[in-house]
Amino acid sequence: MAAEFVIEGLKATIEGKEILKGFNLQMKGGEVHAIMGPNGTGKSTLASSLMGHPKYEVTEGTVTLEGQDVLEMSVDERARAGLFLAMQYPSEIAGVTNSDFLRSALNARREEGSEISLIKFIRQMESKMKDLEMNPEFMHRYLNEGFSGGEKKRNEILQMMLLEPKIVILDEIDSGLDIDALRVVAQGVNAMRSEDRGFLVITHYQRLLNYIKPDFVHIMMQGRIVKSGGPELAERLEADGYEWVKEELGIEDEVVGQEV
Ligand SMILES: Nc1ncnc2c1ncn2[C@@H]1O[C@H](COP(=O)(O)OP(=O)(O)OP(=O)(O)O)[C@@H](O)[C@H]1O
Ligand SMILES: [Mg+2]
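Residues numbered from 1 in each chain as written. Chains lettered and ligands numbered in written order. Predicted model: local features only at pLDDT ≥ 70, side-chain atom pairs only at ≥ 80, totals over all residues. Heavy atoms only, no water.

In the nomenclature of an unreviewed UniProt entry, the protein chain is known as Fe-S cluster assembly ATP-binding protein of Paenibacillus forsythiae.

In structure tokens form, the structure reads like this:
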């Protein structure tokens, strides 16, 4: 079934401050949706809230994946249901090797008794690492520990490729990547595009969207989508910035640190 992911009227707070203020989005398998928006508008908050990060409290709204209530699920259940987030700032976990982490993540998504064998897992991991032009030694290093910014991003894509999620959220996957790495990572993402997988690509730059072609581009401001369109919207933002959007929609600037 084509993964259908529906977010309606989502509101979320952090430490009592409302960041998401009625976020709506509908996506289906096969689609790539890009979200662009100024710093601090709540893009990463959206990503973390969807994954069930305990720091964020969802106060209103619904999220469903193939008709199932996502907000009812624990973080693990969300991952098993097929949600995946490549984080803007991936965490480092000392003492857990990359391959151990990935293998247990993979097995956690499988029924008991049908765990992937070590040999098969290593073969799969090696092949995906080759696609991503990663040094095999990264398999045995502690998760993200001492990885450069770009290496962490590549590693997030490696996880995505192995876990084969239904809904993939990429939070600034392009930040920190060099020009060649950007191409390699985008190829990895494009190879995973399919009718039963949807992508939510958060980015600041049109450049990434030259490689990962979106079907829809949404502009997010002050905790919600304020304008949607096609790839031409990203080109306009790159050329003209966000001022025209604010003028067109009559959006006032928020003063940093001040409650509105
Ligand atoms: N722990 C926290 N306490 C208070 N405010 C927070 C906390 N975490 C995030 N925020 C605020 O929430 C708002 C949204 O942050 P978020 O990281 O979602 O923005 P973003 O759209 O992803 O920005 P960027 O483009 O810079 O990545 C910001 O104003 C941020 O300061
Ligand atoms: Mg962010």
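Quick look at the packing of helix 3 (residues 98-108) against helix 5 (residues 149-163)
Contact geometry of helix 3 with helix 5 gives a least axis separation of 10 Å together with a crossing angle of 35°. Handedness of the helix 3/helix 5 crossing: right-handed. Contacts between helix 3 and helix 5 involve Asn98, Phe101, Leu102, Ala105 and Leu106 from the former and Asn155, Leu158, Gln159, Leu162 and Leu163 from the latter. Among the residues forming the contact of helix 3 with helix 5, the class breakdown is seven nonpolar, three polar and no charged. (Axes fitted to C-alpha atoms, helices over the stretch in contact; angles between N-to-C directions. Helix = DSSP H or I, 4+ residues; strand = E, 2+ residues; numbered from the N terminus. Left-handed = near helix turned anticlockwise from the far one by under 90°. Contact = heavy atoms within 4.5 Å. Nonpolar A, V, L, I, M, F, W, Y, C, P; charged D, E, K, R; others polar.)

Observations regarding the site of ligand 1
Near ligand 1 you find 14 residues, and of these Gly40, Lys43, Ser44, Thr45 and His204 are the closest. Here an oxygen atom of ligand 1 sits 3.0 Å away from a polar atom, N or O, in the main chain of Gly42. Burial of ligand 1 by the protein amounts to 68% of the accessible area it has alone, namely 650 Å². Looking at the shell around ligand 1 element by element, the count peaks at three residues for helix 1 (residues 43-51). Among the residues making up the shell around ligand 1, the classes are represented as three nonpolar, eight polar and three charged. (Near = heavy atom within 4 Å. Polar contact = N/O pair within 3.5 Å; in protein donor to acceptor, adjacent residues only side chain to side chain. Areas by Shrake-Rupley, 256 points an atom, 1.4 Å probe, with all protein chains shown as cover.)

Considerations on the pairing of strand 11 (residues 216-221)
Within strand 11, five of the six residues are buried, which leaves it mostly tucked inside the rest of the structure. As defined by bridge partners, strand 3 (residues 32-36) adjoins strand 11 across four bridges and the pair is classed as parallel. Note on strand 11: the bridge partner recorded for Ile35 is His218. Strand direction decides the pairing type here: strand 11 and strand 12 (residues 224-229), joined by five bridges, are antiparallel. By the bridge assignment, Met221 is partnered in strand 12 with Arg224. (Buried < 20%, exposed > 50% of the residue type's maximum accessible area, 1.4 Å probe, protein only. Pairing = 2+ DSSP bridges.)

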